[in-house]
Amino acid sequence: MSTGTIAAVAGAFIDGREHANGGDPLPVTNPGTGEVFAEVPGATARDVDTAVDAAARAGAEWSALAVSKRGEILGAAAHHVEAHLDELVPLLTREQGKTLRDSRIELTKAVDTLMHYVGLAKTLRGAHTPGLDPGVDGIVLRRPLGVVGAIVPWNFPTTLLCNKLAPALVAGNTVVAKPAGTTPLTTLRFCELLAEGGLPAGVFNVVTGSGSVTGTALVRHPRVRKIAFTGSTPVGEQIMALAAPGMKRVTLELGGSDPMIICDDADLDAAASAASMGRFYNCGQACLAIKRVYVFESVADQVIEAVAAKAKRLKVGRGDVKGSQMGPLHTAAQREEVAGQVARTLEHGGTLLAGGGPPEDPELEAGFFYAPTVVADPPHDVPMATEEVFGPALPIWRVADLDEAIARANASPFGLGSSVWTRDLARARQAAERIEAGYTWINSRTKVYDELPFGGWKSSGYGKEHGSEAFDYYTETKSVVFGSQS
Ligand code: NAD
């Protein structure tokens, strides 16, 4: 549906200025109203080539700057973005659907991540090993990779971008980013603001478009040295294969189905609140979200009742309407997908305790809304258990003890996040050691810290973002030996 004016957008930001893409226009839709409000031409392989060319040229000068200078320039540019948050927040809500509050949280976090790596700039160093042999010393140099392609999804367009952009740029690389075809606008403006704030032309470029045309062209491009990807596991697998020729480096932040284990000695009120917040935040469209709950039998009734009551109380509404606590799903297709997973689960068992379809409010009919949904005790082989559910639907199972909970938690192809709720330190430690996931929160949930390395196990990905470890994925090291013979 389209009402009102449809904005025409050039579609790319290359070498410090707007660039008109040559591909077919892609609609940008407001998920809260179903209204198409912009059309953005996709980048063709030729447009991608122009962007990679600009990034490669800019890289010669950028990589030669002192690392502290790169940090200083990025810091000033990030402050310029921060000064424009009031403009970016409604734009992100309009194209993504999330509430204005959540857009502000996301954008603030994106700027924080840039500043975190600005702070780390002075810590980026190699190593020196004296006395390898008599009179022989070794040093380890770090060198940037070159042009990095950053491909991100639509659920957190700016934070997921900055997780890549910040360590890549500080380490001396230049970047060509591709946001999801449905969320191009905030990323384009973000890039423009960084340029206005002093980031040199060509250091950061954005090409928008589909995965099949623009994304593939970026991954295949011979002068792109690394692909930093966040998205679904099937596309991550394709990218790993496409990147094989030339040994292109990849980091892959992929899907998840995070388990939450609630023991009988937990603070049950806190755990129930966390289950609700951790599942329904961003309308359930988060890689790190509580997607499966395993609760000890003896306290299960109380927890299940509390979580269902919270789901029913959540105020669902358009992201730009004051008081909305949960916005719409991002697309109609995403809503169909979630509705299908819930329906196919309930065909096999389980009790529907909340939601299970779109909300009844007629004002929400045109948007892609789905009510917060809770299903208790379905079988363990249904879609809500075995697949990633990327929307506001939460299954809860009763378990006998910690061993069963951990076995169920690990019976998933994914290994992204996890959480354990208990007051018993030994239990917490045991669970943290045995759960197969890149993150385990104890009595806490889903918050990612720039200070700690983050990355999935198993089908949830490869490589780390965040922490000083991220630099390892944006640099090559070289060992240099100073011999004693002249
Ligand atoms: P997606 O994989 O469909 O798309 C992600 C990005 O890849 C988009 O920009 C898309 O255009 C592009 N793309 C698609 N096909 C491509 C191809 N063949 N070559 C190159 N690029 C291609 O994912 P989505 O549905 O947009 O996002 C949701 C998924 O992302 C979920 O599975 C979620 O768990 C995952 N995710 C993971 C993390 C994490 O850090 N692990 C964070 C957020 C989201």
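In short, a report on the structure. In this text, all values refer to a predicted model and were calculated from it rather than measured experimentally. (Residues numbered from 1 in each chain as written. Predicted model: local features only at pLDDT ≥ 70, side-chain atom pairs only at ≥ 80, totals over all residues. Heavy atoms only, no water.)

What about the overall build of the chain?
Part 1 of the argument: On a plain count of helices and strands, the chain comes out with 14 helices and 23 strands.
Part 2 of the argument: The C-alpha atoms of the chain give 23 Å as radius of gyration, which agrees with the globular expectation for 486 residues (23 Å, within 12%).
Part 3 of the argument: Referenced to the eigenvectors of the C-alpha coordinate spread, the extents of the chain come out at roughly 75 × 65 × 40 Å.
Part 4 of the argument: By residue count, 55% of the 486 residues in the chain fall in the buried class.
Part 5 of the argument: Taking as baseline every contact in the chain between residues at least 6 positions apart, the subset at least 24 positions apart corresponds to 73%.
Part 6 of the argument: Carbon and sulfur atoms form 53% of the exposed surface of the chain, whose accessible area is close to 19500 Å².
Part 7 of the argument: Each charge class in the chain was averaged separately, 45 positive and 55 negative side chains, and the resulting centres sit 4 Å apart. (Helix = DSSP H or I, 4+ residues; strand = E, 2+ residues; numbered from the N terminus. Rg over C-alpha atoms; globule rule 2.2 N^0.38 Å. Buried < 20%, exposed > 50% of the residue type's maximum accessible area, 1.4 Å probe, protein only. Contact = heavy atoms within 4.5 Å. Areas by Shrake-Rupley, 256 points an atom, 1.4 Å probe, with all protein chains shown as cover. Lys, Arg positive; Asp, Glu negative; His and termini not counted. Charge placed at Lys NZ, Arg CZ, Asp CG, Glu CD.)

Some thoughts on the site of the ligand
Part 1 of the argument: Of all residues adjacent to the ligand, which total 29 residues, the nearest are Val152, Ser232, Leu254, Cys287 and Glu388.
Part 2 of the argument: One nitrogen or oxygen atom from the side chain of Trp154 is found 2.9 Å from an oxygen atom belonging to the ligand.
Part 3 of the argument: At a separation of 2.5 Å, an oxygen atom of the ligand approaches a polar side-chain atom of Glu388.
Part 4 of the argument: In isolation the ligand offers 850 Å² of accessible surface; the protein chains occlude 88% of this area.
Part 5 of the argument: Secondary-structure elements contributing two or more residues to the shell around the ligand are helix H7 (211-220), strand S11 (224-230) and helix H8 (233-242).
Part 6 of the argument: Residues of the shell around the ligand, tallied by class, amount to 16 nonpolar, 10 polar and 3 charged. (Near = heavy atom within 4 Å. Polar contact = N/O pair within 3.5 Å; in protein donor to acceptor, adjacent residues only side chain to side chain. Nonpolar A, V, L, I, M, F, W, Y, C, P; charged D, E, K, R; others polar.)

Regarding the nonpolar core
Part 1 of the argument: Within the largest apolar cluster, 53 residues are counted, with the highest numbers of intra-cluster contacts made by Met260, Ile261, Ile262, Val293, Val307 and Ile396.
Part 2 of the argument: Not counting residues up to four positions away in its chain, the partners in contact with Ile262 are Leu268, Ala271, Val293, Tyr294, Val295, Phe296, Val303 and Trp421.
Part 3 of the argument: Ile73, Val81, Leu92 and Phe190 belong to the second-largest nonpolar core, a separate cluster that totals 46 residues. (Core = buried A, V, L, I, M, F, W, Y, C linked by side-chain atoms within 4.5 Å.)

A word on the pattern of salt bridges
Part 1 of the argument: Considering all chains together, one arrives at 27 salt bridges under this definition.
Part 2 of the argument: Between Arg101 and Asp102 there is a salt bridge; the shortest N-O distance is 3.7 Å.
Part 3 of the argument: Classification of Arg101 as exposed rests on a relative accessible area of 60%.
Part 4 of the argument: Looking at Asp102, the relative accessible area reads 5%, which means it is buried.
Part 5 of the argument: A salt bridge links Arg249 to Glu476, with the nearest nitrogen and oxygen atoms 2.8 Å apart. Separated by 227 residues along the polypeptide, Arg249 in strand S12 (residues 249-253) and Glu476 in strand S23 (residues 475-482) bring together distant segments of the chain.
Part 6 of the argument: For Arg249, a relative accessible area of 34% puts it in the partly exposed group. (Salt bridge = Lys/Arg side-chain N within 4 Å of Asp/Glu carboxyl O.)

Examining the pairing of strand S16 (residues 373-376)
Part 1 of the argument: The two faces of S16 match: Thr373 and Val375 on one face and Val374 and Ala376 on the other face are all buried.
Part 2 of the argument: Here strand S15 (residues 351-354) pairs with S16 via 3 bridges, running antiparallel. Looking at S16, one finds that Thr351 is bridged to Ala376.
Part 3 of the argument: As judged from the 4 bridges shared by S16 and strand S17 (residues 393-399), these two strands associate in the parallel manner. Looking at S17, one finds that Thr373 is bridged to Ala393. (Pairing = 2+ DSSP bridges.)

Read these as geometric descriptors, not functional statements.
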